[in-house]
Protein chains: 2
Amino acid sequence: MKDQIKDITSRDVDFAKWYTDVVKKADLVDYSNVKGSMIIRPYGYAIWEKMVAVLDKMFKETGHENVQMPMFIPESLLNIEKEHVEGFAPEVAWVTHGGSEKLEERMCVRPTSETLFCEHYKKIIKSYRDLPKLYNQWCTIVRWEKTTRPFLRSREILWQEGHTMHATKEEAIAETKKMFKIYEKFQKEYLALPVITGRKTEKEKFAGAEDTYTIEAMMYDGVALQNGTSHYFGTHFAEAFGIQFLDKDNKLKTPYQTSWGCTTRMIGGIIMTHSDDRGLVLPPKIAPVEVIIIPIGNDEKVDNCIDLIKEKLKNADITFKVDNTDKTPGFKFAEAEVKGYPIRIEVGKRDLENNKITFVRRDTLDKIEFDISNIENISNDIKTLLNNIQNEMYDKALKRRNSMLYEAKTMDEFTYIANNKPGFIKINWCGNTDCEDKIKETTGLKSRCILEEEVADGNCPVCGKTGIHKVYFGKQY
Amino acid sequence: MKDQIKDITSRDVDFAKWYTDVVKKADLVDYSNVKGSMIIRPYGYAIWEKMVAVLDKMFKETGHENVQMPMFIPESLLNIEKEHVEGFAPEVAWVTHGGSEKLEERMCVRPTSETLFCEHYKKIIKSYRDLPKLYNQWCTIVRWEKTTRPFLRSREILWQEGHTMHATKEEAIAETKKMFKIYEKFQKEYLALPVITGRKTEKEKFAGAEDTYTIEAMMYDGVALQNGTSHYFGTHFAEAFGIQFLDKDNKLKTPYQTSWGCTTRMIGGIIMTHSDDRGLVLPPKIAPVEVIIIPIGNDEKVDNCIDLIKEKLKNADITFKVDNTDKTPGFKFAEAEVKGYPIRIEVGKRDLENNKITFVRRDTLDKIEFDISNIENISNDIKTLLNNIQNEMYDKALKRRNSMLYEAKTMDEFTYIANNKPGFIKINWCGNTDCEDKIKETTGLKSRCILEEEVADGNCPVCGKTGIHKVYFGKQY
């Protein structure tokens, strides 16, 4: 098990290798013989289940309902989207045969389900009484990626896709913003991820959308991870599909549409923000197991103490596991660190003689002595500690993220930072795509998002014209 | 909305048409343009979500963990199963192209995932310490069915598949039985479905299994619905895939395997057992909305009373909905009946003047007056009523089911019942597949299961030899 840690490449030596080492060693995924597809192992899937539970509750509390659409899309249906979205050329998996028969029309496995939702909405939306429709779907989608990385880019992606229809533009825009605020809240409060949020530029938005809002997290290496998007579609698709409703004023109108999604990629975001050279570090609110209890030595007193701790934690709804395997304590400690359980409780015979047990925080590796004469309060202490870990993980990530935010007034300054410092660079942007293109060509950085709550206060470093937006640029996964 | 009821074909006139009418009118599914695939609409999906939540908890409480395998299976991998299971010829959907490129090897969308689990187990099972492995997967599978019916037979099926590995035969057999008992408990206690359980005959078991245990429900029309199966595989697949572990005695051994699954077909089972000519009837424990509150007339007192009821129900965790649309009360009542909400609360101005509101049970359509001076107790009364509905729905279904169970001592008797009475027929069976075949040829009935807790007490009606098992026969969906 010590080897298990030694096997993890140092994060500062080779970040990409470190990432895949952590993912593998923490038993989150396994590679399968199906190229480009991964197996999400129980521990990795349990993290996703926790995410799904929280998000699903947030969606339902805001009036959304879950549905399940077919997983196949006939080519002609997919083409409707293609015709109406410039540059839309999905790399998809094509089903050509059913059983031993060739299909009359080939079908793809859904890369996203706009077209299926639109077809269904066309059938079920007739009147203003049928609006809004606030549908969401949890499912797997397939995109035929050439190069893949666990959670970040794979052929099969677990995600949710919200597709909503509204009677008015204002309502649809409010929905678009509401959902991206829900993503922001979820990522901050549950994943302990500081995120920068805003609107995508014309160049970077989803081609079929009027506006795309994005949640941009910055990884340990300064590279951006787009962790969720919320699109306002206007009436674009609704027109293409001929969706109309009879409004209160007895006029036929076209409804306004939104779409929003997030994926298992968020698991990658947690890893690349919080984890370290010893393995995974999980925010308590998303950890499948909050506390790992490790006995040191075979002893009746140790067993009794652990039984008591278990009872207290259970009554307080704190999730825990006891490592009763026949491995050595050292092995168990190392494994607990690789797996990223937020708190480890060590219960040893010698410590017990001094009325002590030890809590070890995974995030800081700090040790905290706990007086067992105070055992009645153990759940409260653990809860407080879990809460502190959650908050301090966020603060730490925020501090680090902020230390990698830059602002450039000139193109020279921009280029220097881009070439020498990982992170995001803010500029006053004139709003012209040419300037965005030039930055991309020169430095490889793409615009992350337009900061909606900041006002431009200078000229565009590329063209020198008056800036109209503050925009962050950065590399991306 | 009255028309909505009129549109439902009578159950006794055309059972098949009645079924699809209910499924459509209750907004459970919609047909999609993707042939053979259905859209599970929010109300239908909410029923599935309730089922998943209960079953998933039962699985986890018995030590199972969820994983997510790839959705594709390369042809060569699928062929390993084919080679080792006689008669295994899955009608599957074949993916032949990724993007614009032809795949070197075509892949199918999983019709079931034995092969993927076996491949993974081969990699991760090395020692007795790695056993048991108790994995489950919630996912969608695809089978290329020619004729389809909502929930009962479709190309895409939402299901769970458990795949477990054990060090000993005894443990694997115990697991097989444990899981089929969990299905039985779930279907009785939550779905209010009386089920007959037992072992499949050699002829009817899954070809790759040593033993298949089945849960057989009987629908309103006397036809069987196989609502879940649990297989004991022995070492059959483990050997084919070369899975071995080093046991405590330092010897290499092959582990013993089980597999168990149930699907959205259970929703079909609920409909065909409990529903009636007015639409859906849902057992309260699986109903997404337990109570529908319907105001009669626009009146402040009505509104105030409803606010009070809402508060009481909310505090008691009773799920409810208020129908505040501008439809007439008659419309709303009819719609509430089509949707199968277990209890309807009618709040009308005139009734309120007499201190009354009315509860209407969906299952019996009985009306119960409730004295609003007793409002503090409304949640308790509703809870008791929900509980009674749940139990009485089971009792009613059981009584009806029992009235369609027959026993035949001679082949003449068997044939007469088979031709004249819908239901299941029990016989003393000699254990010979020829006799089973003969019954099938003569009457179209297949064996449902061997009753493990009953002892044969006579001769086989087909061949006249000594019976060794009691076996039920019946038609099936």
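Please read all numbers here as calculations on a predicted model, not as lab measurements. (Residues numbered from 1 in each chain as written. Chains lettered and ligands numbered in written order. Predicted model: local features only at pLDDT ≥ 70, side-chain atom pairs only at ≥ 80, totals over all residues. Heavy atoms only, no water.)

Peer 1: Please set out the sheet that holds strand β19 (residues 367-371) of chain A residue by residue, giving values where relevant.
Peer 2: Residues and elements named next belong to chain A. Overall, mixed pairing links the five strands, which are arranged β16-β15-β17-β18-β19 in an open sheet. The open sheet is flanked by β16 (320-322) and β19, the only strands paired with a single partner. Each strand of the sheet is rotated relative to its neighbour by a mean of 25°, with strand direction disregarded. With five bridges connecting them, strand β18 (residues 356-361) and β19 associate as antiparallel partners. Of the residues in β19, the one forming a bridge with I357 is F370. On top of the sheet, helix α10 (residues 329-339) reaches β15 (291-296) and β17 (343-348); it is set at about 170° to β15, its chief contact. (Pairing = 2+ DSSP bridges. Helix = DSSP H or I, 4+ residues; strand = E, 2+ residues; numbered from the N terminus. Axes fitted to C-alpha atoms, helices over the stretch in contact; angles between N-to-C directions. Contact = heavy atoms within 4.5 Å.)

Peer 1: Just give me the short version of the relation of the copies chain A and chain B, but keep the residues and values in it.
Peer 2: Turning chain A through 180° and shifting it by 0.0 Å along the axis lays it on chain B, with an RMSD of 0.0 Å. Expressed as a symmetry operation, the mapping of one chain copy onto the other fits a two-fold axis. Closest approach to the rotation axis among the C-alpha atoms of chain A is made by V95 of chain A, whose C-alpha sits 2.1 Å away. A shared interface surface links the copies, since 100% of the contact residues of chain A are contact residues in chain B too. (Least-squares fit on C-alpha atoms with pLDDT ≥ 70 in both.)

Peer 1: Break down the packing of helix α3 (residues 42-61) of chain A against helix α6 (residues 169-189) of chain A for me, citing the residues and quoting the values.
Peer 2: All names here are of chain A. The interhelical angle for the contact between α3 and α6, taken along N-to-C directions, is 145°, at an axis separation of 11 Å. α3 and α6 meet at a crossing whose hand is right-handed. Across the interface between the two elements, M51, V54, L55, M58 and F59 from α3 touch M179, I182, Y183, K185 and F186 from α6. Taken together, the residues of the contact of α3 with α6 break down into nine nonpolar, no polar and one charged. (Left-handed = near helix turned anticlockwise from the far one by under 90°. Nonpolar A, V, L, I, M, F, W, Y, C, P; charged D, E, K, R; others polar.)

Peer 1: I'd like a rundown of the pattern of salt bridges, residues and numbers included.
Peer 2: Per the counting criterion, the structure on display carries 76 salt bridges over all chains. The partner of R129 of chain A in a salt bridge is D326 of chain B, and the shortest N-O contact between them spans 2.9 Å. Placement of the pair is R129 of chain A in the loop between α5 (114-124) and β7 (133-142) and D326 of chain B in the loop between β16 (320-322) and α10 (329-339), with the two residues belonging to separate chains. Put simply, K203 of chain A and D437 of chain A hold a salt bridge, and the shortest N to O gap is 2.8 Å. One end of the pair, K203 of chain A, is in the loop between β9 (195-199) and β10 (211-218); the other, D437 of chain A, is in helix α14 (residues 433-443), and 234 residues separate them in sequence. (Salt bridge = Lys/Arg side-chain N within 4 Å of Asp/Glu carboxyl O.)

Peer 1: Give me the interface of chain A and chain B: which residues, what numbers.
Peer 2: With 53 residues of chain A in contact, the opposing surface of chain B contributes 53 residues. Counting the surface lost from both chain A and chain B, the interface buries some 4,500 Å², and carbon and sulfur atoms represent 56% of this. The three residues of chain A that bury the most area against chain B are P42, Q68 and M71 of chain A, which together make up 13% of that side's buried surface. Across the chain A-chain B interface, the total number found is eight salt bridges. When the shortest N-O distance is used, the salt bridge between K123 of chain B and D30 of chain A registers 3.3 Å. Counting across the chain A and chain B interface gives 31 residue pairs in polar contact (both at pLDDT 80 or more). Per-class residue counts for the side of chain A that touches chain B are 27 nonpolar, 12 polar and 14 charged. (Buried area = accessible area lost by both parts, 1.4 Å probe. Polar contact = N/O pair within 3.5 Å; in protein donor to acceptor, adjacent residues only side chain to side chain.)

Peer 1: Break down the pairing of strand β21 (residues 424-429) of chain A for me, citing the residues and quoting the values.
Peer 2: All names here are of chain A. Most of β21 is tucked away: six of the six residues are buried. Here β21 shows no split at all, with F424, K426 and N428 on one side and I425, I427 and W429 on the other all buried. Across three bridges, the pairing between strand β20 (residues 405-407) and β21 is parallel. The partner of E407 across the bridge, within β21, is K426. For β21 and strand β23 (residues 469-474), the ladder comprises five bridges, and the chain directions are antiparallel. Within β23, the residue paired with I427 across the bridge is V471. (Buried < 20%, exposed > 50% of the residue type's maximum accessible area, 1.4 Å probe, protein only.)

Peer 1: Break down α10 of chain A for me, with residues and values.
Peer 2: Residue and element names in this part refer to chain A. A large share of α10 lies buried, amounting to eight of its 11 residues. Along α10, the positions that sit buried rather than exposed are K332, F333, A334, E335, A336, E337, V338 and K339. In the stretch just after α10, G340 is the one whose phi turns positive, near 75°.

Peer 1: Describe in detail the pairing of β9 of chain A, supporting the description with residues and values.
Peer 2: All names here are of chain A. Burial of β9 is extensive: five of the five residues sit out of reach of the surface. With five bridges joining them, β9 and β10 adopt antiparallel strand pairing. Looking across to β10, one finds that T197 is bridged to I215.

Peer 1: If you had to explain unusual backbone geometry to someone new, which residues and values would you point to?
Peer 2: Cis rather than trans, the peptide bond between L131 of chain A and P132 of chain A has omega equal to -10°. With respect to the element layout, P132 of chain A can be found in the loop between α5 and β7. The residue N250 of chain B is not glycine, and still its phi comes out positive at about 70°. Looking at the element boundaries, N250 of chain B is found in the loop between β12 (245-246) and β13 (252-253). Residues other than glycine seldom take positive phi values, yet N355 of chain B does so here, at roughly 60°. Inspection of the secondary structure puts N355 of chain B in the loop between α11 (349-353) and β18 (356-361). Residue classification places N355 of chain B among the partly exposed positions, given a relative accessible area of 40%.

Peer 1: Help me get a handle on the confidence of the model for chain A, residues and values and all.
Peer 2: In low-pLDDT regions, the fine details of the predicted coordinates are not to be read closely. Summarising the model, chain A shows a mean pLDDT of 95, and 98% of its residues fall at 70 or more. Note on the complex model: pTM 0.96, ipTM 0.95. (pLDDT = per-residue confidence, 0-100.)

Peer 1: Help me get a handle on the side chain of E216 of chain A, residues and values and all.
Peer 2: All names here are of chain A. Structurally, E216 can be placed in strand β10. Owing to a relative accessible area of 0%, E216 belongs among the buried residues under this scheme. Within the local environment of E216, its side chain forms a polar contact with the side chain of T214, the two groups lying 2.7 Å apart. Those residues in contact with E216 that sit more than four places away from it in its chain are P194, V195, I196, K200, A224, L225, Q226, R448 and C449.

Peer 1: Could you give me a rundown of the sheet that holds strand β6 (residues 101-109) of chain B, with the residues and numbers involved?
Peer 2: With respect to topology, six strands assemble into an open sheet ordered β4(A)-β6(A)-β5(A)-β5(B)-β6(B)-β4(B), the strand pairing being antiparallel. With one partner strand each, in any of the chains shown, β4 (72-74) of chain A together with β4 (72-74) of chain B form the two edges of the open sheet. Sheet twist, expressed as the average angle between the axes of neighbouring strands with direction ignored, equals 45°. As paired strands, β4 of chain A and strand β6 (residues 101-109) of chain A are joined by three bridges and run antiparallel to one another. Its bridge partner lying in β6 of chain A, P74 of chain A is registered against M107 of chain A. Along the sheet face, helix α4 (residues 75-84) of chain A touches β4, β5 (93-98) and β6 of chain A and points at about 80° away from the line of β4 of chain A.

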